[in-house]
Amino acid sequence: MDWEVIRFSFFHWESIQQVYPLLLDGWWMTIKLCLAVVPLGFTLGCMIATVHSFHVRMLNYPLIFAVDFFRSIPPLVLLIYTVYGLPLLGWDVPAFGAVVVAFTFNSASYYGEIIRAGIESIPKGQMEAARSTGLTRLQAMIHVILPQAVRNVAPDLTSNTLELIKATSIASVVALPELLRMGRVTQGLVYNATPLIAVAVIYLIMLWPMVRLLSRLERRMMSSR
Amino acid sequence: MSDTDTGRATGRRDPVVEALDIHKSFGDLEVLKGVSLTVDPQELVFIIGPSGSGKSTMLRCCNLLEQPTSGIVRITGEEITAKGVDINLVRQRIGMVFQSFNLYPHMSAIGNVTLALRRVQKMDAAAAEAKAHEALSKVGLDHKAQSYPSELSGGQQQRVAIARAIAMEPEVVLFDEPTSALDPELVGSVLEVMRDLRESGMTMVVVSHEMRFAEQAADRVIFMDGGVIVEEGTPQQVFRDTQHERTRSFLARVTDH
Ligand SMILES: Nc1ncnc2c1ncn2[C@@H]1O[C@H](COP(=O)(O)OP(=O)(O)OP(=O)(O)O)[C@@H](O)[C@H]1O
Ligand SMILES: [Mg+2]
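In this text, all values refer to a predicted model and were calculated from it rather than measured experimentally. (Residues numbered from 1 in each chain as written. Chains lettered and ligands numbered in written order. Predicted model: local features only at pLDDT ≥ 70, side-chain atom pairs only at ≥ 80, totals over all residues. Heavy atoms only, no water.)

Peer 1: I keep staring at the interface of chain B and chain A and nothing clicks. Help me out?
Peer 2: Across the boundary between the two partners, chain B contributes 23 residues, which contact 17 residues of chain A. Three residues stand out in chain B for area buried against chain A, namely B:Asn88, B:Tyr104 and B:His106, and they jointly supply 31% of the buried area on that side. Where chain B touches chain A, the interface holds 1 salt bridge. We note a salt bridge from B:Arg60 to A:Glu128, for which the minimum N-O separation is 2.8 Å. (Contact = heavy atoms within 4.5 Å. Buried area = accessible area lost by both parts, 1.4 Å probe. Salt bridge = Lys/Arg side-chain N within 4 Å of Asp/Glu carboxyl O.)

Peer 1: Explain the confidence of the model for chain A to me, please; I cannot follow it from the model alone.
Peer 2: It should be kept in mind that the predicted coordinates are not to be read in detail where pLDDT is low. Residues at a pLDDT of 70 or more form 99% of chain A, whose mean pLDDT is 93. Ranking the elements of chain A by mean pLDDT puts helix 1 (residues 3–10) of chain A last with 85 and helix 6 (residues 124–132) of chain A first with 97. (pLDDT = per-residue confidence, 0-100. Helix = DSSP H or I, 4+ residues; strand = E, 2+ residues; numbered from the N terminus.)

Peer 1: Would you mind going over the sheet that holds strand 7 (residues 172–176) of chain B with me for this structure?
Peer 2: Remark on secondary structure: sheet strands pair via backbone hydrogen bonds, oriented parallel or antiparallel. Residue and element names in this part refer to chain B. Strand order in this open sheet of 6 strands is 6-7-8-3-9-10, and the pairing throughout is mixed. Of all the strands in the sheet, the pair left with one neighbour each is strand 6 (94–97) and strand 10 (228–233). For this sheet the average axis-to-axis angle between neighbouring strands, irrespective of direction, equals 20°. Against the sheet, helix 2 (residues 55–62) contacts strand 3 (44–48), strand 6, strand 7, strand 8 (203–207) and strand 9 (220–225), and its axis sits at roughly 155° relative to strand 7. Against the sheet, helix 6 (residues 154–166) contacts strand 6 and strand 7, and its axis sits at roughly 170° relative to strand 6. (Pairing = 2+ DSSP bridges. Axes fitted to C-alpha atoms, helices over the stretch in contact; angles between N-to-C directions.)

Peer 1: Would you explain the packing of helix 5 (residues 95–120) of chain A against helix 8 (residues 154–167) of chain A in this entry?
Peer 2: Axes are the key here: two packed helices are described by the angle between their axes and the distance separating the axes. Residues and elements named next belong to chain A. At their nearest, the axes of helix 5 and helix 8 sit 10 Å apart, and the two run at 165° to each other. Considering their axes alone, helix 5 and helix 8 lie roughly antiparallel with respect to each other. In terms of crossing hand, the pair formed by helix 5 and helix 8 is right-handed. Where helix 5 abuts helix 8, its residues Phe103, Ser107, Tyr110, Tyr111, Ile114 and Ile115 lie against Asp156, Leu157, Asn160, Thr161, Leu164 and Ala167. (Parallel < 35°, antiparallel > 145°, perpendicular 65-115°, else oblique. Left-handed = near helix turned anticlockwise from the far one by under 90°.)

Peer 1: Just to check I follow, could you spell out the packing of helix 2 (residues 13–53) of chain A against helix 3 (residues 57–72) of chain A for this structure?
Peer 2: Residues and elements named next belong to chain A. The geometry of helix 2 relative to helix 3 is characterised by a closest axis approach of 9 Å and an angle of 140° between their N-to-C directions. Between helix 2 and helix 3, the angle falls in the class oblique. Both helix 2 and helix 3 take part in a crossing whose hand is left-handed. Each of Ile48, Val51 and His52 in helix 2 lies in contact with helix 3, whose residues at this interface are Leu59, Asn60, Leu63, Ile64 and Val67. Grouping the constituent residues of the contact of helix 2 with helix 3 by class yields 6 nonpolar, 2 polar and no charged. (Nonpolar A, V, L, I, M, F, W, Y, C, P; charged D, E, K, R; others polar.)

Peer 1: Teacher, can you tell me more about a nonpolar patch on the surface here?
Peer 2: All names here are of chain A. A surface patch of nonpolar side chains, about 450 Å² in accessible area, is lined by Phe10, Phe11, Ile197, Val201 and Ile205. Residue contributions to the nonpolar patch peak at 3 residues, all from helix 10 (residues 194–224). Positionally, Ile205 belongs in helix 10. A relative accessible area of 59% places Ile205 in the exposed class. (Patch = residues over 30% accessible without salt bridge, like charges linked within 9 Å, V, L, I, M, F, W, Y side chains within 5 Å. Areas by Shrake-Rupley, 256 points an atom, 1.4 Å probe, with all protein chains shown as cover. Buried < 20%, exposed > 50% of the residue type's maximum accessible area, 1.4 Å probe, protein only.)

Peer 1: How do you make sense of the pattern of salt bridges when you look at a structure like this?
Peer 2: In this structure the tally under the stated criterion is 18 salt bridges over all chains. B:Arg74 is the partner of B:Glu18 in a salt bridge, and the nearest nitrogen-oxygen pair spans 3.3 Å. With a gap of 56 residues between them, B:Glu18 in strand 1 (residues 17–26) and B:Arg74 in strand 4 (residues 70–75) connect regions that are remote in the sequence. When salt bridges with common partners are traced through the structure, they connect A:Lys124, A:Glu128, B:Arg60 and B:Glu66 into a single cluster.

Peer 1: I tried to follow helix 9 (residues 179–190) of chain A on my own but got confused; where do I start?
Peer 2: In an α-helix, one full turn covers 3.6 residues, which means residues spaced three or four apart are oriented alike. Residues and elements named next belong to chain A. The end-to-end C-alpha distance of helix 9 is 16 Å, a good match for the 16 Å that 12 residues give at a rise of 1.5 Å each. Looking only at helix 9, the buried set comprises Leu179, Met182, Gly183, Thr186 and Val190. Relative to the axis of helix 9, the buried residues are bounded by an arc of 105° and lie together on one face. Where helix 9 is buried, its residues meet helix 2 and helix 10. Of the residues flanking the start of helix 9, the one acting as N-cap is Glu178, its side-chain oxygen 3.2 Å from the backbone nitrogen of Leu180. Count one or two residues on from helix 9 and you reach Tyr191, which has phi positive near 55°. (Expected span 1.5 Å × (residues − 1). Arc of directions from axis to C-beta. Polar contact = N/O pair within 3.5 Å; in protein donor to acceptor, adjacent residues only side chain to side chain.)

Peer 1: What's the story with the side chain of B:Ser208 in this structure? I'm lost.
Peer 2: Residue and element names in this part refer to chain B. Relative to the helices and strands, Ser208 resides in the loop between strand 8 and helix 8 (211–217). At 2.9 Å, the side chain of Ser208 and the backbone nitrogen of Glu210 are in polar contact. Those residues in contact with Ser208 that lie beyond four places of it in its chain are Phe46, Ile47, Ile48, Pro178 and Thr179.

Peer 1: Before we go on, may I ask you to explain the sheet that holds strand 4 of chain B in this structure?
Peer 2: All names here are of chain B. Taken in spatial order, the 4 strands make up an open sheet running 2-1-4-5, and their pairing is antiparallel. Either end of the sheet is taken by a strand with one partner, and the two such strands are strand 2 (29–39) and strand 5 (78–79). Examined bridge by bridge, strand 1 and strand 4 share 5 bridges and lie antiparallel to one another. Paired with Leu20 across the bridge in strand 4 is Ile72. In the packing of helix 2 onto the sheet, the strands contacted are strand 1, strand 2 and strand 4, and the crossing angle to strand 2 comes to about 60°.

Peer 1: Where do I start with the side chain of B:Gln158 in this structure?
Peer 2: Residues and elements named next belong to chain B. With respect to the secondary-structure elements, Gln158 resides in helix 6. On the accessibility criterion, Gln158 (0% relative accessible area) is buried. A distance of 2.9 Å separates a polar side-chain atom of Gln158 from the backbone oxygen of Pro178. Each residue touching Gln158, except ones within four places of it in the same chain, is listed here: Val97, Phe98, Gln99, Phe101, Pro178 and Val190.

Written as structure tokens, this is what we have:
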């Protein structure tokens, strides 16, 4: 083993000094992507779960089909459809927008299923009490059911969010200049893999607090049962 | 709106609740086989009967939490089973109190009371809070306004649930076994609130096994069995001068312990 070669290939600090602005750009793009996709996916997921829980057959069948579709299709395939397909269909959406669309639908189908399980965990009496005071079904959902449902499935939601953030790195394949993409680009500039190590470290710093949060939520749920 | 107005104009003598020949089936199971119930203003009507006799279902038909298979329900003269009635508007006028309280666990006591005031009656925050404090005072729990349901005893939770119902100023409150889930030593406080409510002139329909309370407070007692009303009258008539064998054996069973 030639330690000097390993050091140069993977821990070449000088390379990072040279390209860190590009890595920061990539990091910022990843942040922006997450700030768009997490709330959008979550909100759409809440809407899907809400509609689902109303048991309107005419809405539920198409909904189940759509959710199944987005859950069975690999996110990368979906990404390629939206990034290269939407412009073909005449919607001149920038790559960022196309990526957001893909991840929103993909993640919403997962968020939706999780929240649906949460809604089903709420005793029937909650909806009845709310309706008995004159709240509409939708109002009862928004003010009474969803807040409790979301709390009950907080660990699954956090875990899903974690997966989603990690999955945004797939956008590097369609040339969106997010963190992993910029890692690959700068790797080509400095002729060593140190930027990819830096990328891993940045992901770690970004996601580790969420991982901690997740275990705390899981422990809290365990003890409250 | 005009429907309601005419209903109220002629309404002084209109019954608050008028349910006519209510049938209700769940699939093949006919739970209500033609039950009629009339409740006059300021009346306290007590419904008793064995488990599964359809008491809860009857009560829930009165605010359409359960849709009757057939029959008509009128609230202060307005037919709420008619097509095109905004049931959410009607339900503001019918309070309901449940056996398991059904307080919203993620909201404080006052949050529980203000929710419908804000979202249904569209009051502003200050007005809703004032109203809620007033309702909580009536059940003796204004000092617990900021407490969450998990921080309250069962009796206190049920009193908050009563406050939630009466804050809307309903014309009638339906109680479905309000004390059945309570430890015996907590029952008294809830019954006391119900007694106060009756004194203040609230119209009430109560499903309960608290026979002593029925004797003291009810204007009328209805005994249901097998989806029909078997016997009906003043507490004196039903408890002392019982006419039907089914009523007698039921009363013997529940007053045993
Ligand atoms: N949503 C429902 N679906 C199917 N069956 C139901 C439903 N609700 C009630 N039932 C049935 O209707 C019958 C009457 O129920 P109900 O709750 O009205 O009785 P109850 O007199 O209130 O009894 P209890 O004293 O046990 O509360 C029971 O056999 C019950 O199983
Ligand atoms: Mg019942």
